[in-house]
Amino acid sequence: MYWKPFNINCDFDSGVLTPPGNLVVRHLSDMKGFYQDAEAFTTLLGQNPKIYEYYNVIIPEEPGHLQHCTSILMPGRVGDEYFMSKGHFHKKTDTAEIYVTYRGNGILLLQTPEGHCEYLHMYPGSMSYIPPYWAHRTVNTGSNPLVFFGVYRGDAGHDYGIIEENGFAKIVVEINGIPTVVDNPKYKQK
Ligand SMILES: [Fe+2]
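Notes on the structure follow.

## With respect to the overall build of the protein chain
Next up, step 1: On a plain count of helices and strands, the protein chain comes out with two helices and 15 strands.
Next up, step 2: Whereas a compact globule of 190 residues would reach a radius of gyration of roughly 16 Å, the protein chain reaches 16 Å, a difference of no more than 12%.
Next up, step 3: Considered along the principal axes of its C-alpha atoms, the protein chain spans approximately 55 × 35 × 30 Å.
Next up, step 4: A fraction of 71% describes how many contacts in the protein chain between residues 6 or more apart in sequence connect residues 24 or more apart.

In C-alpha cells form, the structure reads like this:
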C-alpha cells in the first residue's frame, strides 16, 4: 500500500525535530576507547558530557525509502581532540548519504575500507556528498553546536564495529588554537 506523505518540523537553529521520531543520545561514557588521551577522557568522565544526539524520522528500512535525521554535535574537546561522532560504514556499503549543515563549523572525515582518509569542511550551507563505500565521522571544531541534516537510502543500515575497533586514519586536534587534521598515531592499517 501507499505510504502516507507527511511533514516534520525542523528547527534549523537547534536541529530539534517535531515530532522527534527516534531520539538517540550519546554521552562520553558511550565512547570509551574512541579518543586518544585516556587521562583527559577519564577526567572528563566525571561530568560525562553529552557528545551528540540525533533525531531519526521513523521510516521503513526499505530500499525505496529515504531515512533522514538531524544531528546535533556539541562543542568541546577530550584533551586536544574535538568532540566527534562514533563514525560508521553503512551495512549496505554501496549506499551514499548527503549532509547539509545548518549551524556551526566542523570537519567531516571520510575513509575507504582500505584506510584512505579524506575530509570536508562543514559550515552553514555546506552540502556534503558521502559517496558509496566511505565511512563517515563528524567532528565539531567550533564553539557552537554543529547542526546538520542527513539523508540516505532506507535500507542502508549502520556498521559501527569496524571504526570502533580500528578508528580513522586521521584525527582532528587543536594545535595553537587551530583545528588541524593529523595522522592517528594508533591507527593500524589492516
Ligand atoms: Fe551514514
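## Considerations on the pairing of strand β8 (residues 97-103)
Next up, step 1: Where β8 and strand β11 (residues 127-130) come together, four bridges link them in antiparallel fashion. When the sheet's bridge partners are listed, I98 is paired in β11 with Y129.
Next up, step 2: Bridge count for β8 against strand β13 (residues 146-153) is six bridges, and the pairing is antiparallel. Residue E97 lies in a different strand from β13, and its bridge partner there is Y152.

## Observations regarding the sheet that holds strand β9 (residues 106-111)
Next up, step 1: Judged by pairing direction, the sheet is antiparallel, and its three strands sit side by side in the order β10-β9-β12 without closing on themselves. Bordering the open sheet on either side are β10 (117-122) and β12 (135-140), each of which pairs with just one other strand. Neighbouring strand axes in the sheet, compared pairwise and without regard to direction, differ in orientation by 20 degrees on average.
Next up, step 2: Here β9 pairs with β10 via six bridges, running antiparallel. Paired with L109 across the two strands is Y119, which belongs to β10.

## Things to note about the nonpolar core
Next up, step 1: Counting residues in each nonpolar core, the largest one holds 31 residues, and the members touching the most others are I107, L108, L109, M122, V139, F148 and V172.
Next up, step 2: Only β4 (50-56), β5 (66-73), β8, β9, β12, β13 and β14 (170-175) provide two or more residues apiece to this core.
Next up, step 3: In contact with L108, other than residues within four places in its own chain, are Y99, Y119, L120, M122, S128, H136 and T138.

## Some words on the sheet that holds β5
Next up, step 1: Pairing within the open sheet is antiparallel, and its six strands lie in the order β3-β4-β5-β13-β8-β11. The open sheet is flanked by β3 (22-27) and β11, the only strands paired with a single partner. Looking at each pair of strands side by side, their axes are set apart by 20 degrees on average, direction ignored.

## As for the pairing of β5
Next up, step 1: Across the eight residues that make up β5, a large majority, seven, are buried.
Next up, step 2: The pairing of β4 with β5 spans five bridges and is classified as antiparallel. Pairing of Y52 across the sheet is with L73, part of β5.
Next up, step 3: Both β5 and β13 contribute to a ladder of eight bridges, which runs antiparallel. Paired with S71 across the strands is F148, a residue of β13.

## With respect to unusual backbone geometry
Next up, step 1: Between T18 and P19 the backbone carries a cis peptide bond, its omega angle lying at -5 degrees.
Next up, step 2: Mapped onto the fold, P19 is located in the loop between β2 (17-18) and β3.
Next up, step 3: Residue N48 is not a glycine yet carries a positive backbone phi of 40 degrees.
Next up, step 4: Here N48 shows up in the loop between α1 (38-45) and β4.
Next up, step 5: The residue N176 is not glycine, and still its phi comes out positive at about 50 degrees.
Next up, step 6: Assignment of secondary structure puts N176 in the loop between β14 and β15 (178-183).
Next up, step 7: With 5 C-beta atoms packed within 10 Å, N176 lands in the exposed category.

Parameters and conventions
Residues numbered from 1 in each chain as written. Predicted model: local features only at pLDDT ≥ 70, side-chain atom pairs only at ≥ 80, totals over all residues. Helix = DSSP H or I, 4+ residues; strand = E, 2+ residues; numbered from the N terminus. Rg over C-alpha atoms; globule rule 2.2 N^0.38 Å. Contact = placed C-beta atoms within 7 Å. Pairing = 2+ DSSP bridges. Axes fitted to C-alpha atoms, helices over the stretch in contact; angles between N-to-C directions. Core = buried A, V, L, I, M, F, W, Y, C linked by C-beta atoms within 7 Å. Buried ≥ 20, exposed ≤ 12 C-beta atoms within 10 Å, placed from the backbone.

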